[in-house]
Amino acid sequence: MSLIIYDECINCDVCEPECPNGAISQGEDIYVINPALCTECVGHYDLPQCVEVCPVDCITKDPQHVENQASLYEKYVALTQ
C-alpha cells in the first residue's frame, strides 16, 4: 500500500526531502504522495521516513492503493535499477 497525506498537513516541508524515491511533492494545497513512486521506504529503511518525521501525524496507508511487502519491494527494485 502506498501512503497518503491528509488535510491535516501543515506544509512544514519536512517529509519531502526524507523520501528516498522522490514520491512526495507540493500539491495545490498540501503535500501529496505519488503512489507509483511510494514504496513505504521498503528497500531503503525499516519504517516510512515521512511518517517518522511528520509532526502532525497526517500520513498513513492509502486504502485506494493496496500493496503487499513483496509488491512494494518489486517496485523498489524497478525504481532503483
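Structural notes, computed from the coordinates.

Conventions adopted
- Residues numbered from 1 in each chain as written.
- Predicted model: local features only at pLDDT ≥ 70, side-chain atom pairs only at ≥ 80, totals over all residues.
- Heavy atoms only, no water.
- Phe/Tyr/Trp six-rings, centres within 6.5 Å; stacked < 30°, edge-to-face > 60°.
- Helix = DSSP H or I, 4+ residues; strand = E, 2+ residues; numbered from the N terminus.
- Buried < 20%, exposed > 50% of the residue type's maximum accessible area, 1.4 Å probe, protein only.
- 1 Å grid on protein atoms, 1.4 Å probe; cavity = no way out; pocket = protein on both sides within 12 Å on 5 of 7 lines; lining within 4 Å.
- Points joined across faces, edges and corners; volume = space filled by probe spheres on them.
- Nonpolar A, V, L, I, M, F, W, Y, C, P; charged D, E, K, R; others polar.
- Contact = heavy atoms within 4.5 Å.
- Polar contact = N/O pair within 3.5 Å; in protein donor to acceptor, adjacent residues only side chain to side chain.

With that settled, the discussion passes to the packing of aromatic side chains. One pass over the full model with this rule turns up one aromatic pair. Relative to Y76, the ring of Y73 lies with its centre 5.5 Å away and its plane at 40 degrees, an arrangement referred to as tilted. In this pair, Y73 and Y76 both sit in helix α2 (residues 69-80), three residues apart, roughly one turn of the helix. Exposure remark for Y73: the relative accessible area of 44% places this residue in the partly exposed category.

A complete count under the given rule lists two cavities of 30 Å³ or more for this structure. What the largest cavity holds in volume is close to 90 Å³. In terms of lining residues, the largest cavity is bounded by 14 residues, among which L3, C19, C38, C41 and C50 are the most central. In terms of lining, the second largest cavity is formed by I5, C9, I10, N11, C12, D13, C15, Y31, C54, V56, C58 and I59. Counted by class, the lining of the second largest cavity contains ten nonpolar, one polar and one charged residues.

What follows covers the side chain of T39. In this fold, T39 is placed in the loop between β3 (31-33) and α1 (49-53). Given a relative accessible area of 0%, T39 falls into the buried group.

What follows deals with the environment of Y76. Note on Y76: relative accessible area 17%, which makes it buried. Sequence separation between Y76 and T39 is 37 residues, and the spatial gap between their C-alpha atoms is 6.1 Å. If near-sequence neighbours (up to four positions away) are discounted, Y76 is found in contact with T39, V42, G43 and H44. Of note is the side chain of Y76, whose polar atom sits 3.4 Å from the backbone oxygen of G43.

Its place among the elements puts A78 in helix α2. Given the relative accessible area of 53%, A78 is considered exposed. Sequence spacing of A78 and L37 is 41 residues, and the spatial spacing of their C-alpha atoms is 10.0 Å.

On to the side chain of Q49, then. Mapping Q49 onto the fold places it in helix α1. In this structure Q49 comes out as buried when scored by relative accessible area, which is 18%. Among the polar contacts listed, one links the side chain of Q49 to the backbone oxygen of L47, at a separation of 2.8 Å. Residues contacting Q49, with those up to four places away along its chain left out, are E18 and C41.

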